[in-house]
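In case you want the letters, here they are:
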Amino acid sequence: MKNRLLLLFSCVALISVHALDSSLVLNLDDGLVSGNVKLTGFPEIEIEQAVRDGFRSELTIVLRLVRRNRERFPWIDLIVEEQRLTVTIWYDKHLKYYFAQPGKGQVIALRTFENLISFLSQHQFRFSRYLASRFWDYYVFYRAELRPIRLSEPFQLFLFYPFFNTFVTPWKAVEVESSSR
Amino acid sequence: MTSTVTPFRTFANTRYILPVAGFLLSYFLILIITTVLAEQIILDSSTFNNVVLIVLAVVFYLLLGLGLLGVWRYYHKQTEQVAQEGLRKKISITFVLIALLTSVPLGYIAIRVAIISTDIIVQSDLFDAVDKGLEVVYGVYEQKIKNLTDAVRTIRVSSAELLQKDWSELTGRYGELVYLTYIKSETEVLTVGESNFVFSEWPALSEDGQWLPNVRDPGRSEVIWRVDIPEGYFLLVARMPDKVSLARDLLQKNREFLLQVRTYRSTFLFMFFFVFLFLALPLFFLIIITSFVWSNQLTKPLTNLKNALSEVKSGNYHQRLPIESSDEIGQLTKIFNEMVSDLEETKKKILIGEKIETWKDIAQQLAHEIRNPLTPIRLSSERLLRKYREDPARASELVESSMEKVLDQVDRLETLLVEFHEFARSPAPVPQIIDFDAMYREITAELDLRYPGVEWINRFVTVSNLKVDPWQFRKMLTILLSNAVEASSPPIQVHVETAVVEEEKKWFKIVISDRGVGIPEAYRRKIFQPYFTTKPNGTGLGLAYVERVVHEHGGRIWFESEVGSGTSFYLLFPLEA
């Protein structure tokens, strides 16, 4: 019972106290949509505590390029492309360095926690779908999820617990036509 | 009496196909969902999505709903058909008990294994061992880097040639060294070693000389660090032994896992229990549903047999049951059908025999009754004829008295024939709702004219759903009340009582009692037989008519009598629902 209450309170606390938020600037260059996601309101205490304890944290940004369906089924828009930007971060207590690895690519070593947060705040992306015309029919739908503790395999069943160890931004949509040039 | 003959079904076991197929389909569906979901939830969260969760939830709650529906229906029937549900209840409880007896220990074992496994991990020295291992690995790194740092400090940097020469000597002694950059100033940089390393792509280095692993390419074992010298500083790359690098990666990965086990042990066990229930409950409910379906299938033939026996008991010999299997139940059904066929045949024979016997009796009685008046007619006629032959002049003296006797007997004969005609005609009853009290008052008013001075003592209940043929019912009551009066001696009292009784269904009960002479023991078995009478002028058809009317209305009649004290007739008529 104690355990359940602890989980409940921690979930409520995680949702209510921190307000992870996001904004998106889009560019449309030669028919290709690219942009920059900016994140603010990181739960810095939780992240630093987790990585210094030896856990890894994980940030995931889901970006969907969506075409507005104006014809047969106007209430169902079509996702033409989806990108998931993932960054895993950890701290090496022997080296006293923070590390960040976007996806499975190059690892970045960062000396201070402030540098790490700064690194996590900006994310660039580019969709590969070429928008030849009617780009005003498209919009980008996106959301960011932050897990201060990235769970290993058997602990994935915590996902049954809604919002356990998770900070999310609301889903937002940015029109390609209005915000980009 | 209506009869229903169910056609025989030659294709056996068809009723089992649907439940068996449904059970197997549900079982494998739940098994697949459970297996796939269990792996997805625990091992591969990336493919776990809300659609699968919704499907699982729908299946789960569907089965839950069906289970509850089954329980509700079961108890609903339980209250309606207590006697029929006894066996079904036992079978259902047996199924559920088997399910509980197996699933509860299995669930307990699964959860205990999870608890013990996590306990072993948490309570063991694994975490400390991994921490110490990491310290050892990093110690190896530190020692090697210290040795290499001391060595490279001996490199002369006054000229590029000397730097190259000393580097060559050092790499001969220290094979780990890969690459070196000497930075004197922003514009004066010298490099030696493997040319495929580009420092600009490496992470910023600490000014305090902290080494860093090659984080650019995961899996590589190089380290990079900075060595300050009076003339500037070196940036150095050395290759650590692969086994040490591998050990570092593995230890770090397992340390993270052990840390999660230690932190989330209790939460994990709670979630494990939750997921276990989430996945196991549909199977459990499937067992409960199956128990209801199967118990119904198993008891249905027995229930049918019981109902059929009740029908046979009530006289429906046309009842047959379908033989749907070749097992014991099927054999029992076959024997039942054969037995009922034999019974029906025997009953027919008995009925034919009884009918013949009855008509013989009636013919004898009728002949006897007709012969009785014929004798005085014959005697009167012969006497008158004889007188006329002997003395025609004085024959007229006898004409009036003789003819009166003849006419009297002819009247009797006519009455006899009318009664017989009425009895034999037996029209089918045309039931309608009647007002018993009103009908009774009319009958007693007529009887008061025939039998003055009779005291009618009544105790009635009022019913509004007595549905009988008014004409037949009226005549039946008249006969019974007349008999009660005629059997009594003055002062005559006739008690009439009505009530509503409940025995499987609701009945209207009439009790007519007199304080008469009673019925002797010897006559009691014969009083409902046609033409049996103890009255001098009786036809013997009254009570036979009464009995037939009662039976044709689906009622019952019986009597209690004590010689010298009186007789009570009891009649039951079914009331409309």
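Rules behind the numbers
Residues numbered from 1 in each chain as written. Chains lettered and ligands numbered in written order. Predicted model: local features only at pLDDT ≥ 70, side-chain atom pairs only at ≥ 80, totals over all residues. Helix = DSSP H or I, 4+ residues; strand = E, 2+ residues; numbered from the N terminus. Buried ≥ 20, exposed ≤ 12 C-beta atoms within 10 Å, placed from the backbone. Contact = placed C-beta atoms within 7 Å. Pairing = 2+ DSSP bridges. Axes fitted to C-alpha atoms, helices over the stretch in contact; angles between N-to-C directions. Expected span 1.5 Å × (residues − 1). Arc of directions from axis to C-beta. pLDDT = per-residue confidence, 0-100. Parallel < 35°, antiparallel > 145°, perpendicular 65-115°, else oblique. Left-handed = near helix turned anticlockwise from the far one by under 90°. Nonpolar A, V, L, I, M, F, W, Y, C, P; charged D, E, K, R; others polar.

**A look at the overall build of chain B**
What chain B contains, in helices and strands, is eleven helices and twelve strands. Buried positions account for 18% of the 577 residues belonging to chain B. Long-range contacts, defined as pairs at least 24 residues apart, comprise 65% of the intrachain contacts of chain B with a sequence gap of at least 6.

**Here we look at the overall build of chain A**
Per the secondary structure count, chain A includes four helices and ten strands. The N-to-C order of helical and strand elements in chain A reads α-β-β-α-β-β-β-β-α-β-β-β-β-α. Buried residues in chain A amount to 29% of all 181 residues. Of the contacts made within chain A by residues no fewer than 6 positions apart, 66% connect residues no fewer than 24 positions apart.

**Details of the sheet that holds strand β3 (residues 212–213) of chain B**
All names here are of chain B. Strand order in the open sheet made by the five strands is β2-β1-β5-β4-β3, with antiparallel pairing throughout. Both outer strands of the open sheet, β2 (189–193) and β3, are each paired with one neighbouring strand and no more. Two strands pair when backbone bridges link them, and β3 and strand β4 (residues 222–229) are joined in this way by two bridges, in the antiparallel orientation. When the sheet's bridge partners are listed, leucine 212 is paired in β4 with isoleucine 224. Against the sheet, helix α4 (residues 126–152) touches β1 (177–183), β4 and β5 (232–239), its axis set at about 40 degrees to β4. Strands β1 and β2 of the sheet are contacted by helix α5 (residues 160–173), whose axis makes an angle of about 30 degrees with β2.

**Description of unusual backbone geometry**
The peptide bond linking B:Pro490 to B:Pro491 adopts the cis configuration, its omega dihedral lying at -5 degrees. Assignment of secondary structure puts B:Pro491 in the loop between α10 (470–486) and β9 (493–503). A positive phi angle, near 50 degrees, is found at A:Asp30, a position not held by glycine. Topologically, A:Asp30 is positioned in the loop between β1 (21–29) and β2 (32–40).

**So, the pairing of β1(A)**
In the case of a regular strand, side chains alternate between the two sheet surfaces. All names here are of chain A. Bridging between β1 and β2 involves nine bridges; their strand directions are antiparallel. Each residue of the ladder has a partner; that of asparagine 27, found in β2, is serine 34. Hairpin remark: β1 followed by β2, antiparallel, with two residues in the connecting loop; positive phi at aspartate 30, about 50 degrees.

**Let's talk about α10(B)**
Side chains that are three or four residues apart share a direction in an α-helix, a result of its 3.6 residues per turn. All names here are of chain B. Its 17 residues give α10 an end-to-end C-alpha distance of 24 Å, which sits within 8% of 24 Å, the value for a rise of 1.5 Å per residue. Within α10 the residues assigned to the buried category are Gln472, Phe473, Met476, Leu477, Leu480, Leu481, Asn483 and Ala484. Down the axis of α10, the buried set is contained in an arc of 160 degrees. They therefore lie on one face.

**Considering the confidence of the model for chain A**
Put simply, chain A has an average pLDDT of 81, and 80% of its residues get 70 or more. Confidence over residues 1–17 of chain A falls short of pLDDT 50; this stretch has twelve contacts with residues more than four positions distant or in other chains.

**Points about the packing of α4(B) against helix α6 (residues 242–313) of chain B**
Residue and element names in this part refer to chain B. At a minimum axis separation of 9 Å, α4 and α6 run at an interaxial angle of 150 degrees. One element, α4, and the other, α6, form an angle in the roughly antiparallel class. The two elements α4 and α6 cross, and the hand of that crossing is left-handed. Two secondary-structure elements touch here, α4 through Leu126, Phe127, Val130, Asp131, Gly133, Leu134, Val137 and Val140 and α6 through Val244, Ala247, Arg248, Leu251, Gln252, Asn254, Arg255, Leu258 and Arg262. The residue inventory of the contact of α4 with α6, partitioned by class, reads ten nonpolar, three polar and four charged.

**Brief notes about the pairing of strand β10 (residues 505–514) of chain B**
Residue and element names in this part refer to chain B. Note that β9 and β10 share ten bridges and pair antiparallel. When the sheet's bridge partners are listed, glutamate 503 is paired in β10 with lysine 505. Linking two consecutive strands that pair antiparallel, namely β9 and β10, is a turn of one residue; a positive phi of about 70 degrees is found at glutamate 504 within it.

**Here's the deal with the confidence of the model for chain B**
All names here are of chain B. Of all residues in chain B, 86% have pLDDT values of 70 or greater, and the mean over the chain is 80. Predicted confidence is poor over residues 1–12, with pLDDT under 50, and the contacts of this stretch with residues over four places away or in other chains come to 16 contacts. For this predicted complex, the interface confidence reaches an ipTM of 0.77, while the overall pTM sits at 0.56.

**Section: the sheet that holds strand β7 (residues 122–130) of chain A**
Residue and element names in this part refer to chain A. Taken together, the three strands give an open sheet; going across it, the order is β1-β2-β7, and neighbouring strands pair in antiparallel fashion. Lying at the two open borders of the sheet, with one neighbouring strand each, are β1 and β7. Mean inter-strand twist for the sheet, computed between neighbouring axes without regard to direction, equals 20 degrees. Looking at chain direction, β2 and β7 are connected through six bridges and run antiparallel. Each residue of the ladder has a partner; that of serine 34, found in β7, is arginine 126.

**Describing the packing of α10(B) against helix α11 (residues 542–552) of chain B**
All names here are of chain B. Where α10 contacts α11, the two axes come as close as 9 Å, and the packing angle between them is 140 degrees. Considering the angle they form, α10 stands oblique to α11. Like other packed secondary-structure pairs, α10 and α11 cross with a definite hand, here left-handed. Residues Gln472, Met476, Ile479, Leu480 and Asn483 of α10 form the contact with α11, whose participating residues are Gly542, Tyr545, Val546 and Val549. The residue inventory of the contact of α10 with α11, partitioned by class, reads six nonpolar, three polar and no charged.

**Thoughts on the environment of A:Val87**
Residue and element names in this part refer to chain A. As for its position among the elements, valine 87 is in strand β4 (residues 78–92). A count of 20 C-beta atoms within 10 Å places valine 87 in the buried class. C-alpha separation for the pair valine 87 and alanine 100, spaced 13 residues apart in sequence, amounts to 6.5 Å. Dropping the residues within four chain positions of it, valine 87 is found in contact with Leu59, Ala100, Gln101, Pro102 and Leu120.

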